[in-house]
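Letter by letter, the chains look like this.
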Amino acid sequence: MREASTTTSWPRWLEICLVLGSLVAFAVWSYLRAPVGGDFAWSDAPRHALNGIFVHDLVAHLGEGDPRAYAVDYYLRYPALTILFYPPLFSGVLAIAYELFGFSHQVAQATVLSFAVVLGGFTYLLARRWMSQGFALAAALLLVGAPELTVWSRQVMLDLPTYAWLVGSAWCFTGWLQQQRPRQLYGTAVLVVLALYTKQTPLFIFPAMLAGLLAGPGLAVLRRRHVWVTVLLMMVALIPLVVLQLKFGQVNSASAIGSARADLSRLTLAAWTYYLEIMPSQLGWPTLVLAGVYLVGAAVRPSWRLPRPIMVYLLSWLVLGYLMFSFIMVREPRHDLMVLMPLALFAALALQRLAEDWLSGRAYAAAMTAVPVLCFAHAGAELETHPVQYVDGYAQAVNYVIERAPANSVVMFSGNRDGTFIFDVRASKRTDLAIARADKMLFRVAIERERGIEDRGVDTAQLRQRFVDHGIRYLVYDPDFWQDQPSMAALRSLLADKSSFTLEETFQLRANFNNQDKRLQIYRFEGELRNPPLPLSAELVGVGMKLQK
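Bear in mind the structure is a predicted one, so any value in this text is a computation, not a measurement. (Residues numbered from 1 in each chain as written. Predicted model: local features only at pLDDT ≥ 70, side-chain atom pairs only at ≥ 80, totals over all residues. Heavy atoms only, no water.)

1. Some remarks on unusual backbone geometry
Between Asn 531 and Pro 532 the backbone carries a cis peptide bond, its omega angle lying at 5°. By the secondary structure assignment, Pro 532 is in the loop between strand 9 (519-525) and strand 10 (537-540). Of note, the phi angle at Gln 180 is positive, near 60°, even though the residue is not glycine. Within the secondary structure, Gln 180 sits in the loop between helix 8 (159-179) and helix 9 (182-196). Its identity as a non-glycine residue notwithstanding, Asn 408 has a phi of 60°, on the positive side. With respect to the helices and strands, the residue Asn 408 is situated in the loop between helix 18 (394-404) and strand 2 (410-414). (Helix = DSSP H or I, 4+ residues; strand = E, 2+ residues; numbered from the N terminus.)

Pasting the structure below:
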């Protein structure tokens, strides 16, 4: 068993400057290579960004009326919120950032990337328990610079913030396994709770922690008061999250147990090897090969091994997490990213063990400096060679509409990226506008079309009357969106009536991938509008709830 080498070390001030400077520099580099102009590609990203605005506005409204009625009205005005489908912590963090810097895609993306610094910092602190400074920094850079992570850190998603809290819990828990200090276990609990209140998927950490506990202090630790206090406090803290999941998370739970999409069956080998096959593209071959070198070396050389409880904990993290995400029916490259942290540690450990075996003195000091420099360069190369998808043109359509829509009117949107359009409208200064989604008005869909769609059978006369009744003056229309459905055919027929609708503008959409969104057409409804208009309503098919004022 080895502790982190102190024979060759940087001064404290230099350590802080190098570690923090490297991580901040990489986060800034990532920001400069991220889409931040309202050009979201992934459908959840603008919804997460919008959730933060909602929390900001809700807090500002407290004390001025019924919060529940305010939340219902807010959803009816901006029907892209997912605040109840996902835990609320990151939305709260975003709300603070918005209060400081204003509502924008730029602020949302910068907030996400601030967690890249947190993730790298916690990884460094964790690695420093067994590595010298340069190799610990290498571990942090190998993780934050992993190819798949560089992609998802440049979108407004929950994966990176969750990962940061989770690795922080590992730093605290490994300290507790070695030193048995109560505050370390309390810190573990706090950070695990923060991770779960950001996203529900880190549940695999509990059996991994149990495995580490059994391999270390064992069941005798249950006689210690602070262990039971920690368990009790954590259970109490998670009660609201469990309630939210039971009430609003049925769709997510159903996806995990058995998705309605054409996913791989659990009865196939392909389902259980899916993440193994894509691991090189997630971490990069250098990290994966070095991690393999360490595991082989640790198997045959006791001097390479970490303390037994730590090794069991990290391997359980990797194996149990892999099994959990393989069991979940919806499999995507980003889902299991937080499982892969031990491999980045193992890769850096391989580098340190090889350096300790082969080098000494100035040569070792040179390696401790050269390795993190090479890892930073490797991370930058992955960043530059893995561009993030974007769809540009929505912001231009929004700018056109908000300059022309009458005060306190409703804009209808019919297209694939309603979240992008709605976020861009709410982030603008036109807070008087509301958005009506054509897909909710014309169909019953649970989250996404792949889970099933039911046409509501709306005809052209009914559609025209809804424009009148709800005060809809402008329609933003994707002419390629769901055109196979009867109600969409009715809308298409209605738009052909030049006495009722005028095509004012067409915006071409540009993307850096094979995207179905090609253009947005702006139609103006020329009929008389009801004054005052009837309130909007919406059905949340996924949770069996109807919202109306």
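2. Considering the packing of aromatic side chains
Under the criterion given, the structure shown has 31 aromatic pairs. Between Tyr 98 and Phe 103, the ring centres sit 5.4 Å apart and the planes meet at 85°, which makes this aromatic pair edge-to-face. Accessibility expressed as a relative area gives 2% for Tyr 98, which makes it buried. Residue class for Phe 103 comes out partly exposed when judged on its relative accessible area of 22%. Ring geometry for Phe 135 versus Tyr 364: centroids 5.9 Å apart, planes at 45°, classification tilted. With Phe 135 in helix 6 (residues 133-144) and Tyr 364 in helix 17 (residues 361-385), this pair connects stretches of sequence that are 229 residues apart. (Phe/Tyr/Trp six-rings, centres within 6.5 Å; stacked < 30°, edge-to-face > 60°. Buried < 20%, exposed > 50% of the residue type's maximum accessible area, 1.4 Å probe, protein only.)

3. Comments concerning the packing of helix 2 (residues 44-61) against helix 4 (residues 89-101)
Here helix 2 crosses helix 4 at 70°, and the two axes come no closer than 7 Å. Considering the angle they form, helix 2 stands roughly perpendicular to helix 4. Note on element contacts: helix 4 touches helix 2 through Ser 91, Gly 92, Leu 94, Ala 95, Tyr 98 and Glu 99, opposite His 48, Ala 49, Asn 51, Gly 52, Ile 53, Val 55 and His 56. The residue inventory of the contact of helix 2 with helix 4, partitioned by class, reads six nonpolar, six polar and one charged. (Axes fitted to C-alpha atoms, helices over the stretch in contact; angles between N-to-C directions. Parallel < 35°, antiparallel > 145°, perpendicular 65-115°, else oblique. Contact = heavy atoms within 4.5 Å. Nonpolar A, V, L, I, M, F, W, Y, C, P; charged D, E, K, R; others polar.)

4. Points about the layout of surface pockets
Taken as a whole, the second largest pocket holds about 460 Å³ of empty space. Taken together, 20 residues line the second largest pocket, and the ones lying closest to its centre are Phe 54, Ala 71, Ile 83, Leu 84 and Phe 248. At the level of secondary structure, the elements contributing two or more residues to the lining of the second largest pocket comprise helix 2, helix 3 (67-77), helix 11 (225-248) and strand 11 (545-548). Take the lining of the second largest pocket: its biggest share by element is five residues, from helix 3. Residues belonging to the lining of the second largest pocket are distributed by class as follows: 17 nonpolar, one polar and two charged. (1 Å grid on protein atoms, 1.4 Å probe; cavity = no way out; pocket = protein on both sides within 12 Å on 5 of 7 lines; lining within 4 Å. Points joined across faces, edges and corners; volume = space filled by probe spheres on them.)

5. Some details on the sheet that holds strand 2
Reading across from one edge, 3-2-6-9-7 is the order of the five strands in this open sheet, with mixed pairing throughout. Strands at the two margins of the open sheet, each flanked by one partner only, are strand 3 (434-437) and strand 7 (501-508). Within the sheet, the average angular offset between the axes of one strand and its neighbour, ignoring direction, is 25°. (Pairing = 2+ DSSP bridges.)

6. Examining the side chain of His 48
Its place among the elements puts His 48 in helix 2. The residues touching His 48, leaving out its near neighbours within four places in the chain, are Thr 82, Tyr 86, Leu 94, Val 156, Met 157 and Leu 158.

7. Regarding the environment of Leu 76
In this structure, Leu 76 sits in helix 3. Classification of Leu 76 as buried rests on a relative accessible area of 5%. Along the chain, Leu 76 and Val 19 lie 57 residues apart, while their C-alpha atoms are 46 Å from each other.

8. Observations regarding the confidence of the model for the protein chain
Across the protein chain, pLDDT averages 92, with 96% of residues at or above 70. In the model of the protein chain, helix 12 (residues 250-258) stands out as the element of lowest mean pLDDT, 59, in contrast to helix 5 (residues 105-127), which has the highest, 98. Predicted confidence is poor over residues 1-6, with pLDDT under 50, and the contacts of this stretch with residues over four places away or in other chains come to 23 contacts. (pLDDT = per-residue confidence, 0-100.)

9. Description of a nonpolar patch on the surface
Taken together, Leu 210, Leu 214, Leu 219, Leu 222, Trp 228, Val 231 and Met 235 make up a surface patch of nonpolar side chains, about 700 Å² in accessible area. Looking at the nonpolar patch, the elements with two or more residues in it are helix 10 (205-215) and helix 11. Sort the elements by how many residues they give to the nonpolar patch and helix 11 lands first, with three residues. Checked against the element boundaries, Leu 222 lands in the loop between helix 10 and helix 11. (Patch = residues over 30% accessible without salt bridge, like charges linked within 9 Å, V, L, I, M, F, W, Y side chains within 5 Å. Areas by Shrake-Rupley, 256 points an atom, 1.4 Å probe, with all protein chains shown as cover. Salt bridge = Lys/Arg side-chain N within 4 Å of Asp/Glu carboxyl O.)

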